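For reference, the chains in residue letters:
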Amino acid sequence: IRDRWRAVDTLVIDEISMMHGNLLDKIEYVGATCRCTFGPEDAPPANRSPFGGIQIIFVGDFLQLPPVAGRGDNRRMKFAFESPVWAALRLQNVLLTKVFRQSDVEFVTLLNNLRFGIVDAQTVQVLRARQQPLPQSKIRPTILYPTRRDVANKNLEEFNKLPGETITYQAV
């Protein structure tokens, strides 16, 4: 692993908004530790460069999905930008403003409003105008839920609809 980290010039982390700050700290520690020249019993020097001096490129949109947290995760730091490593990197932000996937200016404005949590009457009207019933099919649509609790409740509800006796096996 050390040789691979030492061969790296640039590390690109995509979807940085989904990375927990604690994970960013751990990746930085591994990178810096592998790239520093010290013996196995030594600790990394206190004045080392973040990530051992390699170029870091973060790609992502913090207005999209937040980091995935485990059950009972109540750590103070959540987002990658809350990590001490983030400030130490002295990042240069680049904001991409041109939308390439959409050409309808009204729709692009609607999407940007939703990104910032702006849901005015016009936004609601446009979305409701696009609302339509699902086509009749034996295939049930995928349902997305915002929390694991909601998913667990739905799974239990569907499980309870299954016919037959429940049989439980104990793993050894």
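As the structure is a computational prediction, the values presented were derived from the model and not from experiment. (Residues numbered from 1 in each chain as written. Predicted model: local features only at pLDDT ≥ 70, side-chain atom pairs only at ≥ 80, totals over all residues. Heavy atoms only, no water.)

Participant: I keep staring at the overall build of the chain and nothing clicks. Help me out?
Facilitator: Secondary structure assignment for the chain yields 6 helices and 2 strands. The linear arrangement of helices and strands in the chain, starting from the amino end, is α-β-α-β-α-α-α-α. Put simply, the chain has 172 residues, and 21% of those count as buried. Considering only intrachain contacts with a sequence separation of at least 6, the fraction spanning at least 24 residues in the chain is 65%. (Helix = DSSP H or I, 4+ residues; strand = E, 2+ residues; numbered from the N terminus. Buried < 20%, exposed > 50% of the residue type's maximum accessible area, 1.4 Å probe, protein only. Contact = heavy atoms within 4.5 Å.)

Participant: So what exactly am I meant to see when it comes to the layout of surface pockets here?
Facilitator: Over the atoms a probe the size of a water molecule is rolled, and this reveals where empty space is left. Size it by volume and the largest pocket reaches roughly 1,400 Å³. In this structure, the largest pocket is lined by 29 residues; those nearest its centre are Gly60, Asp61, Val94, Leu95 and Leu96. Elements represented by at least two residues in the lining of the largest pocket include exactly strand S2 (55–59) and helix H4 (105–115). Across the lining of the largest pocket, the residue classes tally to 16 nonpolar, 7 polar and 6 charged. (1 Å grid on protein atoms, 1.4 Å probe; cavity = no way out; pocket = protein on both sides within 12 Å on 5 of 7 lines; lining within 4 Å. Points joined across faces, edges and corners; volume = space filled by probe spheres on them. Nonpolar A, V, L, I, M, F, W, Y, C, P; charged D, E, K, R; others polar.)

Participant: Just checking my understanding: could you explain unusual backbone geometry for this structure?
Facilitator: Peptide bonds are mostly trans, and most non-glycine residues show a negative phi. Even without a glycine there, the phi angle at glutamate 15 is positive, about 55 degrees. Mapped onto the fold, glutamate 15 is located in the loop between strand S1 (10–14) and helix H2 (21–35). At arginine 90, a position not held by glycine, the phi torsion is positive, near 50 degrees.

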